[in-house]
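# Descriptive analysis of the structure
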Amino acid sequence: MPNADAAVIAAPERVKAVEATGLLDSPASPALDRLTRLTTQLLGVPASVVTLIDRDRQFFAGASGLGETLAASRQTSLDYSYCQHVVASAKPMVVTDAVSHPLVYDNLATLKDGIRAYAGMPLIDSNGQALGSFCAFDTKPHEWSERDLQILHDLAQAAMTEIELRFAGRLLEEQGEQLRALLDNTDELVARFGLDGALTYANAAWRRLLGHPPEPPVAGYLQSKLSGVGRERFDAAWADAQAGEPSDDLELGLLLPNGDTALVQLRLVPVRTKGIARGVRVYGHDVTDLRRAERAKDQVISLVSHELRTPIGAVQGAMQLLERLLPSPVPPKVAELVALAKRNADRLLTLVNDLLDLDRLEAGSAPFEPALHRMAEIFTTARDATQPLAEQKGVHLEFGPGASVIFGDATWLAHVVINLVANAIKFTPAGGHVRVHCVEDEGQVQVRVTDTGRGIPAADVGRIFERFAQVQRSDATEKGGSGLGLAIARTIVLQHGGRIWVESEVGKGTTFAFTLPTRLAAP
Ligand code: ADP
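Residues numbered from 1 in each chain as written. Predicted model: local features only at pLDDT ≥ 70, side-chain atom pairs only at ≥ 80, totals over all residues. Heavy atoms only, no water.

## Here we look at the packing of helix α3 (residues 30-43) against helix α7 (residues 146-184)
At a minimum axis distance of 10 Å, the contact between α3 and α7 shows a crossing angle of 175 degrees. Taken together, the axes of α3 and α7 lie roughly antiparallel to each other. Counted together, A31, L32, L35, L38, T39, L42 and L43 of α3 and R147, D148, I151, L152, L155, A158, A159, E162 and I163 of α7 form the full contact between these two elements. A per-class count over the contact of α3 with α7 returns twelve nonpolar, one polar and three charged. (Axes fitted to C-alpha atoms, helices over the stretch in contact; angles between N-to-C directions. Helix = DSSP H or I, 4+ residues; strand = E, 2+ residues; numbered from the N terminus. Parallel < 35°, antiparallel > 145°, perpendicular 65-115°, else oblique. Contact = heavy atoms within 4.5 Å. Nonpolar A, V, L, I, M, F, W, Y, C, P; charged D, E, K, R; others polar.)

Laid out in structure tokens, this is it:
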């Protein structure tokens with residue numbers, strides 16, 4: 001019996017495309033059934049079917065006018081299939097009388113089911129794969145008219161559109177499921193709000209932290225969850241988001257179902273379709289534990305620093321006493337050990353003092369006495385403190401005139417300049433230059449400390465002002481730094497209402513610059 005070209009029918013690409021429709025073995029599709037019913041009515045034939053040709057069977061995705069058994073099983077082996085020939089050729093097939101048709105005269109549908117006439121249109125997907133046939137049957141010979149074939153062709157197109165739409169719908173659903181799974185498996189908080197603050201979507205992390213959203217959504221829900229911490233910044237950011245502006249990270253207190261407050265870091269991102277604001281997406285994470293740990297760490301640092309200061313002083317005192325009591329001449333090995341112990345005690349004291357300074361500055365408990373000062377005053381203090389270091393290192397140190405007047409605390413500002421100059425000397429080889437000067441610029445004074453030293457790699461420029469940030473590990477051991485100097489300098493400058501930054505080129509040198517309010521800008 002002439003079955004269709006098996007290689008074409010069983011081609012993996014084609015079979016995969018048939019499976020991808022999701023229609024094989026699925027419940028009957030009412031839309032496809034309707035199209036076949038329309039065919040029987042318009043063409044005046046007893047049966048019409050939408051077949052999908054699988055590897056070794058034909059499946060009826062939609063049908064009208066089939067006998068009970070076929071209507072129930074919705075499939076046959078290929079021995080009963082006329083439609084396989086439509087798929088194999090990817091062309092319409094018209095059979096006026098099956099008895100004399102070379103491809104189907106001995107088909108089991110002809111021999112056993114009494115089929116005598118057939119017209120089928122290939123169902124070809126957008127990738128060019130023939131999936132099946134949209135066809136009409138008759139149980140007696142049938143002359144198919146132009147009009148019949150035109151109708152069949154049009155309805156086949158409609159069936160193919162329906163099949164591809166279903167496929168696209170399924171794809172969308174799958175993607176939606178994947179996205180939901182992704183959103184529900186992250187610890188990040190993700191939620192979506194209407195412009196009125198009603199919660200319309202919350203991922204699992206959000207629901208775990210804040211409970212299930214009310215059903216139906218309630219206007220002002222997000223606002224009702226605010227504990228008060230960060231409220232003002234939130235209100236401004238919310239108004240911006242409604243107007244279409246995304247926010248920076250906000251730190252907010254949110255009320256939990258158990259009455260506690262969580263500290264969360266959130267970002268508001270407007271949702272817009274075709275330029276019209278529709279809502280606000282919120283992304284963020286719970287920073288409660290992080291902040292608690294930070295506070296605990298700060299407390300420990302502060303406690304330890306206080307506790308260490310006295311014993312370090314005692315060690316320094318003991319070392320001095322020891323030096324005096326040692327019988328002279330002091331054996332070189334002993335002298336070396338005592339010097340090492342002294343150096344380490346000094347380093348520890350610097351570290352502890354720096355930590356305490358930073359602690360007090362950040363807590364706002366450092367004595368702060370702002371007044372009008374000429375920069376020259378501050379430069380003199382800084383020069384006295386750093387000149388010996390420069391001479392010892394063989395670095396040429398030069399201070400500008402410092403005629404500008406600033407408003408600030410002279411002691412702390414000298415601390416900043418000393419720190420920047422000491423760093424500059426430290427990281428500049430013998431014979432190099434360090435220059436300090438100030439310029440007035442738009443109502444501000446800009447102080448610049450420029451060196452001809454090793455420079456700072458671009459990758460480190462962003463983090464250099466953080467606590468304990470050092471470019472090389474050896475900067476702590478060999479150069480004796482604590483990694484706190486710049487963090488302290490930044491805190492002091494910020495508390496003066498200024499800005500501090502670094503400009504650097506590796507191998508050429510570095511400029512640290514900061515601004516201070518002038519007399520005019522003083523409060
Ligand atoms: P430290 O006590 O280590 O000097 P700082 O906070 O003052 O701590 O500086 C942090 C790090 O920044 C230094 O360890 C060094 O790696 C780098 N740094 C600071 N100033 C300079 C400079 N003028 N030239 C090159 N690197 C510098």
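## With respect to the sheet that holds strand β17 (residues 500-505)
Pairing within the open sheet is mixed, and its five strands lie in the order β13-β15-β16-β18-β17. Only two strands of the sheet have a single partner each, and these edge strands are β13 (396-399) and β17. The mean angle between the axes of side-by-side strands here comes to 15 degrees, regardless of whether they run parallel or antiparallel. (Pairing = 2+ DSSP bridges.)

## Side note on the layout of surface pockets
Over the atoms rolls a probe the size of a water molecule, and in doing so it shows where empty space is left. Taken as a whole, the second largest pocket spans an internal volume of roughly 290 Å³. L66, L70, D113, I115 and F137 are the residues nearest the centre of the second largest pocket, which is lined by 21 residues in total. Every element with two or more residues in the lining of the second largest pocket is listed here: β1 (47-53), β2 (57-64) and β6 (130-138). A total of three residues in the lining of the second largest pocket trace back to one element, the largest contributor, which is β1. Of the residues contributing to the lining of the second largest pocket, the split by class is twelve nonpolar, seven polar and two charged. (1 Å grid on protein atoms, 1.4 Å probe; cavity = no way out; pocket = protein on both sides within 12 Å on 5 of 7 lines; lining within 4 Å. Points joined across faces, edges and corners; volume = space filled by probe spheres on them.)

## Here we look at the site of the ligand
Taken together, 22 residues lie around the ligand, and N423, Q470, D475, S482 and L486 are the ones closest in. Side-chain polar atom of R454 to an oxygen atom of the ligand: 3.5 Å apart, as the coordinates give it. Here an oxygen atom of the ligand and a backbone polar atom of L486 are 2.8 Å apart. Among the secondary structure elements, those contributing two or more residues to the shell around the ligand are α14 (410-426), α17 (485-495) and β18 (509-517). Top contributing element to the shell around the ligand by residue count: α14, with four residues. Along the lines of polarity and charge, the residues of the shell around the ligand split into nine nonpolar, nine polar and four charged. (Near = heavy atom within 4 Å. Polar contact = N/O pair within 3.5 Å; in protein donor to acceptor, adjacent residues only side chain to side chain.)

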